[in-house]
Amino acid sequence: MQKFDAIRPYYDTEVNNGIKSLVNHPMMRAIMNFTFPDIEDEDWKNQLLKTHSIRDFQCNFIYQSVQKVLENSSEGLTTSGFEKLEKNTPYLFISNHRDIILDTSILNVSLFDHGLVMTASAIGDNLVKKDFLLNLSKLNRNFLVQRGLPPRELLQSSKLMSEYIGKLILTENRSVWIAQREGRTKDGNDATHQGVLKMLGMGSNEENLMEYFKKLQIVPVSISYEYDPTDALKMPQLMAEAKAEKYVKEKNEDFITLLSGIIGQKKRIHIHVGSILNKELDEIAMENDNTNKQVQAVAQAIDDSILQSYKLWPTNYIAYDILNKTDRFKNQYTDNEKSLFERRLEMKIDASNGMMMESFLNMYANPVVNKLKYGNAI
(Lines give C-alpha, C1' and ligand atoms only; values in the text may rest on other atoms or scores of the structure.)
Protein backbone atom coordinates (compact mmCIF):
# COMPACT_ATOMS: atom_id res chain seq x y z
CA MET A 1 0.00 0.00 0.00
CA GLN A 2 1.32 3.43 -0.98
CA LYS A 3 1.77 6.11 1.68
CA PHE A 4 -1.35 8.20 0.93
CA ASP A 5 -3.72 5.46 -0.26
CA ALA A 6 -5.92 5.66 2.85
CA ILE A 7 -6.84 9.31 2.21
CA ARG A 8 -6.21 10.22 -1.43
CA PRO A 9 -8.73 10.58 -4.28
CA TYR A 10 -8.56 8.34 -7.34
CA TYR A 11 -5.65 8.54 -9.72
CA ASP A 12 -6.82 9.12 -13.30
CA THR A 13 -5.98 5.49 -14.10
CA GLU A 14 -8.59 4.44 -11.49
CA VAL A 15 -11.34 6.84 -12.55
CA ASN A 16 -13.07 4.64 -15.11
CA ASN A 17 -13.33 1.70 -12.70
CA GLY A 18 -14.67 4.10 -10.05
CA ILE A 19 -17.33 5.27 -12.50
CA LYS A 20 -18.27 1.69 -13.40
CA SER A 21 -18.86 0.96 -9.71
CA LEU A 22 -21.53 3.66 -9.40
CA VAL A 23 -22.96 4.29 -12.88
CA ASN A 24 -26.00 2.06 -12.14
CA HIS A 25 -26.53 3.28 -8.57
CA PRO A 26 -29.98 4.86 -7.96
CA MET A 27 -28.33 7.93 -6.41
CA MET A 28 -26.23 8.43 -9.53
CA ARG A 29 -29.39 8.25 -11.63
CA ALA A 30 -31.03 10.83 -9.34
CA ILE A 31 -28.04 13.20 -9.69
CA MET A 32 -27.85 12.80 -13.47
CA ASN A 33 -31.62 13.13 -14.00
CA PHE A 34 -31.53 16.31 -11.92
CA THR A 35 -28.54 17.65 -13.86
CA PHE A 36 -29.59 16.57 -17.34
CA PRO A 37 -33.41 16.32 -17.24
CA ASP A 38 -33.72 16.16 -21.04
CA ILE A 39 -31.15 13.41 -21.61
CA GLU A 40 -31.96 9.70 -21.70
CA ASP A 41 -30.32 7.52 -19.05
CA GLU A 42 -28.41 5.50 -21.64
CA ASP A 43 -26.86 8.67 -23.09
CA TRP A 44 -25.41 10.04 -19.83
CA LYS A 45 -24.32 6.52 -18.86
CA ASN A 46 -22.41 6.18 -22.13
CA GLN A 47 -20.75 9.56 -21.61
CA LEU A 48 -19.83 8.67 -18.04
CA LEU A 49 -18.32 5.35 -19.13
CA LYS A 50 -16.09 7.21 -21.62
CA THR A 51 -14.63 9.30 -18.77
CA HIS A 52 -11.05 8.54 -17.76
CA SER A 53 -9.89 11.55 -15.73
CA ILE A 54 -11.02 13.48 -12.67
CA ARG A 55 -10.88 16.74 -14.65
CA ASP A 56 -13.26 15.39 -17.30
CA PHE A 57 -15.61 14.06 -14.61
CA GLN A 58 -15.59 17.42 -12.80
CA CYS A 59 -15.96 19.60 -15.91
CA ASN A 60 -18.54 17.50 -17.78
CA PHE A 61 -20.67 16.33 -14.86
CA ILE A 62 -20.02 17.91 -11.45
CA TYR A 63 -19.70 21.45 -12.85
CA GLN A 64 -23.06 21.01 -14.58
CA SER A 65 -24.64 19.61 -11.39
CA VAL A 66 -23.49 22.57 -9.31
CA GLN A 67 -24.81 24.99 -11.94
CA LYS A 68 -28.17 23.24 -11.76
CA VAL A 69 -28.17 23.45 -7.95
CA LEU A 70 -27.46 27.19 -8.18
CA GLU A 71 -30.18 27.62 -10.79
CA ASN A 72 -32.78 25.75 -8.71
CA SER A 73 -31.99 26.85 -5.17
CA SER A 74 -30.35 30.28 -5.39
CA GLU A 75 -30.80 33.67 -6.98
CA GLY A 76 -27.28 33.61 -8.35
CA LEU A 77 -23.63 33.47 -7.45
CA THR A 78 -21.35 36.51 -7.49
CA THR A 79 -17.58 36.48 -7.04
CA SER A 80 -14.75 38.89 -6.29
CA GLY A 81 -10.98 38.73 -5.94
CA PHE A 82 -10.32 35.93 -8.45
CA GLU A 83 -8.59 38.33 -10.85
CA LYS A 84 -5.68 38.54 -8.35
CA LEU A 85 -4.87 34.84 -8.79
CA GLU A 86 -2.46 33.57 -11.44
CA LYS A 87 -3.23 30.83 -13.94
CA ASN A 88 -1.41 27.48 -13.63
CA THR A 89 -0.54 28.36 -10.03
CA PRO A 90 -1.55 26.29 -6.99
CA TYR A 91 -2.87 27.90 -3.80
CA LEU A 92 -3.95 26.73 -0.38
CA PHE A 93 -7.48 28.09 0.00
CA ILE A 94 -8.56 28.31 3.64
CA SER A 95 -12.22 29.25 3.86
CA ASN A 96 -15.00 29.78 6.32
CA HIS A 97 -17.27 26.75 6.38
CA ARG A 98 -21.04 27.06 6.10
CA ASP A 99 -22.15 24.20 3.85
CA ILE A 100 -20.79 20.64 3.73
CA ILE A 101 -20.63 20.27 -0.05
CA LEU A 102 -21.36 23.65 -1.60
CA ASP A 103 -18.53 25.72 -0.10
CA THR A 104 -15.86 23.82 -1.99
CA SER A 105 -18.10 23.13 -5.05
CA ILE A 106 -18.79 26.84 -5.52
CA LEU A 107 -15.09 27.66 -5.16
CA ASN A 108 -14.22 25.11 -7.85
CA VAL A 109 -16.93 26.35 -10.21
CA SER A 110 -15.53 29.88 -9.77
CA LEU A 111 -11.93 28.73 -10.28
CA PHE A 112 -12.96 26.88 -13.45
CA ASP A 113 -14.85 29.93 -14.76
CA HIS A 114 -11.72 32.06 -14.22
CA GLY A 115 -9.40 29.52 -15.89
CA LEU A 116 -7.57 28.73 -12.64
CA VAL A 117 -6.31 25.50 -11.05
CA MET A 118 -9.16 23.66 -9.31
CA THR A 119 -8.69 22.17 -5.87
CA ALA A 120 -8.26 18.88 -4.15
CA SER A 121 -10.62 19.30 -1.19
CA ALA A 122 -10.66 17.98 2.35
CA ILE A 123 -13.76 16.07 3.46
CA GLY A 124 -14.47 14.38 6.80
CA ASP A 125 -14.57 10.59 6.50
CA ASN A 126 -17.74 10.69 8.65
CA LEU A 127 -19.54 12.18 5.64
CA VAL A 128 -18.64 9.40 3.21
CA LYS A 129 -19.37 6.23 5.17
CA LYS A 130 -21.62 4.90 2.38
CA ASP A 131 -19.67 3.31 -0.49
CA PHE A 132 -21.46 5.41 -3.10
CA LEU A 133 -20.51 8.69 -1.39
CA LEU A 134 -16.92 7.54 -0.87
CA ASN A 135 -16.57 6.65 -4.55
CA LEU A 136 -18.17 9.93 -5.62
CA SER A 137 -15.86 11.93 -3.36
CA LYS A 138 -12.76 10.17 -4.74
CA LEU A 139 -13.95 10.95 -8.28
CA ASN A 140 -14.38 14.59 -7.27
CA ARG A 141 -10.79 14.94 -6.00
CA ASN A 142 -11.65 14.88 -2.29
CA PHE A 143 -9.12 13.62 0.22
CA LEU A 144 -10.22 12.25 3.58
CA VAL A 145 -9.85 13.87 6.97
CA GLN A 146 -9.96 10.97 9.43
CA ARG A 147 -12.24 11.84 12.34
CA GLY A 148 -12.74 10.44 15.84
CA LEU A 149 -9.30 8.87 16.23
CA PRO A 150 -7.52 8.31 19.57
CA PRO A 151 -4.75 10.89 20.26
CA ARG A 152 -1.75 8.92 18.95
CA GLU A 153 -3.49 7.90 15.73
CA LEU A 154 -4.84 11.42 15.31
CA LEU A 155 -1.29 12.75 15.41
CA GLN A 156 -0.16 10.27 12.73
CA SER A 157 -3.23 11.04 10.61
CA SER A 158 -2.60 14.81 10.88
CA LYS A 159 1.02 14.34 9.83
CA LEU A 160 -0.01 12.22 6.86
CA MET A 161 -2.57 14.80 5.75
CA SER A 162 -0.14 17.71 6.11
CA GLU A 163 2.44 15.85 4.01
CA TYR A 164 -0.20 15.07 1.41
CA ILE A 165 -1.31 18.73 1.20
CA GLY A 166 2.33 19.82 0.84
CA LYS A 167 2.88 17.25 -1.92
CA LEU A 168 -0.21 18.38 -3.84
CA ILE A 169 0.74 22.05 -3.78
CA LEU A 170 4.53 21.90 -3.99
CA THR A 171 5.12 18.97 -6.35
CA GLU A 172 1.84 18.33 -8.20
CA ASN A 173 0.86 21.95 -8.91
CA ARG A 174 -2.59 21.26 -7.42
CA SER A 175 -4.54 23.78 -5.37
CA VAL A 176 -6.06 22.61 -2.07
CA TRP A 177 -9.22 23.66 -0.22
CA ILE A 178 -9.50 23.20 3.52
CA ALA A 179 -11.99 24.66 5.99
CA GLN A 180 -10.71 27.02 8.69
CA ARG A 181 -12.12 24.70 11.36
CA GLU A 182 -13.40 21.18 11.84
CA GLY A 183 -17.13 21.18 11.19
CA ARG A 184 -19.30 24.01 9.95
CA THR A 185 -19.80 27.30 11.76
CA LYS A 186 -23.14 26.95 13.52
CA ASP A 187 -23.43 30.37 15.19
CA GLY A 188 -22.27 32.71 12.40
CA ASN A 189 -18.90 33.36 14.08
CA ASP A 190 -16.27 32.31 11.54
CA ALA A 191 -12.99 31.62 13.34
CA THR A 192 -9.85 29.75 12.30
CA HIS A 193 -8.94 26.89 14.61
CA GLN A 194 -5.23 26.92 15.38
CA GLY A 195 -5.23 23.11 15.23
CA VAL A 196 -5.82 23.31 11.46
CA LEU A 197 -2.71 25.47 11.05
CA LYS A 198 -0.66 23.25 13.36
CA MET A 199 -1.66 20.27 11.23
CA LEU A 200 -0.57 22.12 8.06
CA GLY A 201 2.72 23.02 9.72
CA MET A 202 3.57 19.37 10.36
CA GLY A 203 4.54 19.07 6.69
CA SER A 204 7.32 21.65 7.05
CA ASN A 205 9.95 19.07 8.12
CA GLU A 206 11.74 21.41 10.54
CA GLU A 207 11.81 24.19 7.93
CA ASN A 208 11.03 27.68 9.22
CA LEU A 209 7.23 27.60 9.66
CA MET A 210 6.47 31.03 8.19
CA GLU A 211 8.69 30.30 5.16
CA TYR A 212 6.86 27.00 4.66
CA PHE A 213 3.46 28.70 4.92
CA LYS A 214 4.63 31.23 2.31
CA LYS A 215 5.45 28.38 -0.09
CA LEU A 216 1.92 27.02 0.35
CA GLN A 217 0.50 30.38 -0.86
CA ILE A 218 -2.32 30.69 1.67
CA VAL A 219 -5.40 32.47 0.31
CA PRO A 220 -8.29 33.14 2.74
CA VAL A 221 -11.74 32.63 1.21
CA SER A 222 -14.98 34.16 2.43
CA ILE A 223 -18.29 32.64 1.36
CA SER A 224 -21.71 33.92 2.38
CA TYR A 225 -25.25 32.73 1.74
CA GLU A 226 -28.20 35.10 2.08
CA TYR A 227 -30.21 32.27 3.61
CA ASP A 228 -28.66 29.24 5.27
CA PRO A 229 -30.84 26.28 4.19
CA THR A 230 -29.64 24.33 7.23
CA ASP A 231 -30.24 27.11 9.77
CA ALA A 232 -33.01 25.30 11.70
CA LEU A 233 -31.06 22.01 11.57
CA LYS A 234 -28.24 23.66 13.53
CA MET A 235 -30.53 24.53 16.43
CA PRO A 236 -30.39 21.25 18.44
CA GLN A 237 -26.59 21.42 18.66
CA LEU A 238 -26.61 25.12 19.57
CA MET A 239 -29.24 24.45 22.25
CA ALA A 240 -27.18 21.62 23.74
CA GLU A 241 -24.06 23.82 23.79
CA ALA A 242 -26.00 26.69 25.39
CA LYS A 243 -27.03 24.32 28.19
CA ALA A 244 -23.47 22.91 28.43
CA GLU A 245 -24.77 19.48 27.39
CA LYS A 246 -22.94 16.97 25.20
CA TYR A 247 -24.50 16.88 21.74
CA VAL A 248 -24.96 13.50 20.06
CA LYS A 249 -25.84 13.45 16.35
CA GLU A 250 -28.82 11.51 15.05
CA LYS A 251 -28.04 8.50 12.86
CA ASN A 252 -28.46 10.13 9.41
CA GLU A 253 -27.99 13.72 10.53
CA ASP A 254 -24.89 14.45 8.40
CA PHE A 255 -26.55 13.09 5.28
CA ILE A 256 -29.80 15.04 5.88
CA THR A 257 -27.77 18.22 6.44
CA LEU A 258 -25.72 17.56 3.31
CA LEU A 259 -28.87 17.10 1.23
CA SER A 260 -30.67 20.11 2.78
CA GLY A 261 -27.67 22.31 2.02
CA ILE A 262 -27.78 21.32 -1.63
CA ILE A 263 -31.52 21.54 -2.33
CA GLY A 264 -32.60 24.20 0.22
CA GLN A 265 -33.19 27.82 -0.80
CA LYS A 266 -30.10 30.02 -0.39
CA LYS A 267 -31.15 33.16 -2.32
CA ARG A 268 -27.95 35.07 -3.18
CA ILE A 269 -24.43 33.70 -2.67
CA HIS A 270 -21.12 35.54 -2.77
CA ILE A 271 -17.59 34.17 -2.70
CA HIS A 272 -14.53 36.35 -2.23
CA VAL A 273 -10.89 35.27 -2.42
CA GLY A 274 -8.51 37.39 -0.41
CA SER A 275 -4.88 38.25 -1.12
CA ILE A 276 -2.09 35.72 -0.57
CA LEU A 277 -0.85 36.01 3.01
CA ASN A 278 2.77 36.81 2.15
CA LYS A 279 3.28 40.25 3.67
CA GLU A 280 1.43 39.16 6.82
CA LEU A 281 3.63 36.06 7.21
CA ASP A 282 6.80 38.16 6.85
CA GLU A 283 5.56 40.55 9.55
CA ILE A 284 4.61 37.66 11.86
CA ALA A 285 8.09 36.10 11.41
CA MET A 286 9.76 39.41 12.28
CA GLU A 287 7.62 40.03 15.36
CA ASN A 288 7.74 36.53 16.85
CA ASP A 289 9.96 33.48 17.01
CA ASN A 290 7.59 31.53 19.25
CA THR A 291 5.77 28.96 17.08
CA ASN A 292 2.53 29.01 19.09
CA LYS A 293 2.35 32.79 18.91
CA GLN A 294 3.09 32.67 15.20
CA VAL A 295 0.26 30.19 14.61
CA GLN A 296 -2.06 32.39 16.68
CA ALA A 297 -1.11 35.41 14.56
CA VAL A 298 -1.64 33.50 11.27
CA ALA A 299 -5.11 32.41 12.46
CA GLN A 300 -5.88 36.06 13.24
CA ALA A 301 -4.64 37.19 9.80
CA ILE A 302 -6.91 34.61 8.11
CA ASP A 303 -9.85 35.70 10.29
CA ASP A 304 -9.23 39.37 9.51
CA SER A 305 -9.33 38.65 5.78
CA ILE A 306 -12.41 36.38 5.91
CA LEU A 307 -14.46 38.60 8.24
CA GLN A 308 -13.65 41.88 6.47
CA SER A 309 -14.47 40.40 3.05
CA TYR A 310 -17.66 38.64 4.18
CA LYS A 311 -20.60 39.85 2.11
CA LEU A 312 -23.47 40.97 4.34
CA TRP A 313 -27.03 40.42 3.11
CA PRO A 314 -30.35 41.98 4.18
CA THR A 315 -30.97 38.86 6.34
CA ASN A 316 -27.88 39.69 8.43
CA TYR A 317 -28.95 43.29 9.05
CA ILE A 318 -32.57 42.30 9.77
CA ALA A 319 -31.48 39.72 12.35
CA TYR A 320 -29.16 42.26 13.99
CA ASP A 321 -31.94 44.85 14.25
CA ILE A 322 -34.53 42.36 15.58
CA LEU A 323 -32.07 40.97 18.12
CA ASN A 324 -31.00 44.37 19.37
CA LYS A 325 -34.48 45.94 19.12
CA THR A 326 -33.13 48.71 16.92
CA ASP A 327 -33.53 50.09 13.40
CA ARG A 328 -29.84 50.91 13.04
CA PHE A 329 -29.53 49.17 9.67
CA LYS A 330 -33.04 49.77 8.31
CA ASN A 331 -31.56 51.34 5.14
CA GLN A 332 -29.99 47.98 4.28
CA TYR A 333 -33.25 46.09 3.72
CA THR A 334 -36.82 46.58 2.52
CA ASP A 335 -40.04 46.01 4.47
CA ASN A 336 -40.73 43.04 2.21
CA GLU A 337 -37.33 41.47 2.96
CA LYS A 338 -37.95 41.92 6.66
CA SER A 339 -41.41 40.34 6.56
CA LEU A 340 -40.03 37.37 4.56
CA PHE A 341 -37.34 36.85 7.19
CA GLU A 342 -39.88 37.12 10.02
CA ARG A 343 -42.09 34.56 8.27
CA ARG A 344 -39.11 32.20 8.06
CA LEU A 345 -38.57 32.69 11.80
CA GLU A 346 -42.20 31.82 12.54
CA MET A 347 -42.06 28.69 10.38
CA LYS A 348 -38.75 27.37 11.69
CA ILE A 349 -38.54 28.43 15.33
CA ASP A 350 -40.83 27.94 18.31
CA ALA A 351 -41.55 31.55 19.33
CA SER A 352 -42.04 30.51 22.97
CA ASN A 353 -38.43 29.27 23.16
CA GLY A 354 -36.48 32.47 23.80
CA MET A 355 -33.09 30.76 23.81
CA MET A 356 -33.72 29.11 20.43
CA MET A 357 -35.01 32.37 18.95
CA GLU A 358 -31.90 34.20 20.15
CA SER A 359 -29.57 31.50 18.75
CA PHE A 360 -31.29 31.60 15.37
CA LEU A 361 -31.04 35.40 15.18
CA ASN A 362 -27.41 35.35 16.35
CA MET A 363 -26.53 32.97 13.53
CA TYR A 364 -27.49 35.69 11.03
CA ALA A 365 -26.51 38.72 13.15
CA ASN A 366 -23.00 37.69 14.21
CA PRO A 367 -21.40 38.47 10.80
CA VAL A 368 -22.63 42.07 11.28
CA VAL A 369 -21.20 42.16 14.82
CA ASN A 370 -17.87 40.88 13.46
CA LYS A 371 -17.81 43.46 10.65
CA LEU A 372 -18.48 46.24 13.16
CA LYS A 373 -15.20 45.36 14.88
CA TYR A 374 -13.44 46.41 11.68
CA GLY A 375 -15.62 49.49 11.22
CA ASN A 376 -17.03 48.39 7.84
CA ALA A 377 -20.46 46.88 8.45
CA ILE A 378 -21.99 48.59 5.41
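Placed above this text is the structure.
A quick note: this is a predicted structure, and the numbers were derived from the prediction, not measured.

Some words on the side chain of Arg-98
Within the secondary structure, Arg-98 sits in the loop between β2 (92-95) and α5 (102-113). Owing to a relative accessible area of 9%, Arg-98 belongs among the buried residues under this scheme. Polar side-chain contacts of Arg-98 include one of 2.8 Å to the side chain of Asp-190. In this structure, Arg-98 is in contact with Asp-103, Arg-184, Thr-185, Gly-188, Asp-190, Ile-223, Tyr-225, Lys-234, Tyr-310 and Pro-367, ignoring residues within four places of it in sequence.

Here's the deal with the nonpolar core
Core analysis: the largest hydrophobic core is formed by 85 residues, its most contacted members being Leu-92, Phe-93, Ile-165 and Phe-213. When residues of this core are assigned to their parent elements, the largest contribution, nine residues, is made by helix α4 (residues 54-73). Non-local contacts of Phe-213, meaning those with residues more than four positions away in its chain, are made with Leu-197, Leu-200, Gly-201, Ile-218, Leu-281 and Val-298.

A word on the side chain of Thr-185
By the element assignment, Thr-185 lies in the loop between β5 (175-179) and α8 (194-201). Given a relative accessible area of 1%, Thr-185 falls into the buried group. Within polar-contact distance, the side chain of Thr-185 engages the side chain of Asp-190 at 3.0 Å. Filtering out sequence-adjacent residues up to four positions away, Thr-185 remains in contact with His-97, Arg-98, Asp-190 and Lys-234.

Some points on the pairing of β5
In terms of residue burial, β5 counts as a mostly covered element, since five of its five residues are buried. Neither face of β5 is exposed, since Ser-175, Trp-177 and Ala-179 on one face and Val-176 and Ile-178 on the opposite face are all buried. Two elements, strand β3 (residues 119-124) and β5, share three bridges in a ladder whose sense is parallel. The residue of β5 that forms the bridge with Thr-119 is Ser-175.

Some words on the packing of helix α12 (residues 279-287) against helix α13 (residues 291-309)
It is at 10 Å that the axes of α12 and α13 come closest, and there the two elements cross at 150°. For the element pair α12 / α13, the angle class is roughly antiparallel. Considering how the two elements wind past one another, α12 and α13 form a crossing that is right-handed. Residues Glu-280, Leu-281, Ile-284 and Ala-285 of α12 form the contact with α13, whose participating residues are Gln-294, Ala-297, Val-298 and Ala-301. Looking at the contact of α12 with α13 residue by residue, the classes come out as six nonpolar, one polar and one charged.

Overview of the pattern of salt bridges
In this structure the tally under the stated criterion is 13 salt bridges. Residue Glu-163 is joined to Lys-159 by a salt bridge in which the shortest nitrogen-to-oxygen separation is 3.1 Å. Taken as a pair, Glu-163 and Lys-159 lie in helix α7 (residues 151-170) at a separation of four residues, close to a single helical turn. The closest approach of N and O atoms between Arg-344 and Asp-231, which form a salt bridge, is 2.8 Å. One end of the pair, Arg-344, is in helix α15 (residues 335-348); the other, Asp-231, is in the loop between β6 (218-225) and α10 (235-242), and 113 residues separate them in sequence.

Reading the values: rules and limits
Residues numbered from 1 in each chain as written. Predicted model: local features only at pLDDT ≥ 70, side-chain atom pairs only at ≥ 80, totals over all residues. Heavy atoms only, no water. Helix = DSSP H or I, 4+ residues; strand = E, 2+ residues; numbered from the N terminus. Buried < 20%, exposed > 50% of the residue type's maximum accessible area, 1.4 Å probe, protein only. Polar contact = N/O pair within 3.5 Å; in protein donor to acceptor, adjacent residues only side chain to side chain. Contact = heavy atoms within 4.5 Å. Core = buried A, V, L, I, M, F, W, Y, C linked by side-chain atoms within 4.5 Å. Pairing = 2+ DSSP bridges. Axes fitted to C-alpha atoms, helices over the stretch in contact; angles between N-to-C directions. Parallel < 35°, antiparallel > 145°, perpendicular 65-115°, else oblique. Left-handed = near helix turned anticlockwise from the far one by under 90°. Nonpolar A, V, L, I, M, F, W, Y, C, P; charged D, E, K, R; others polar. Salt bridge = Lys/Arg side-chain N within 4 Å of Asp/Glu carboxyl O.

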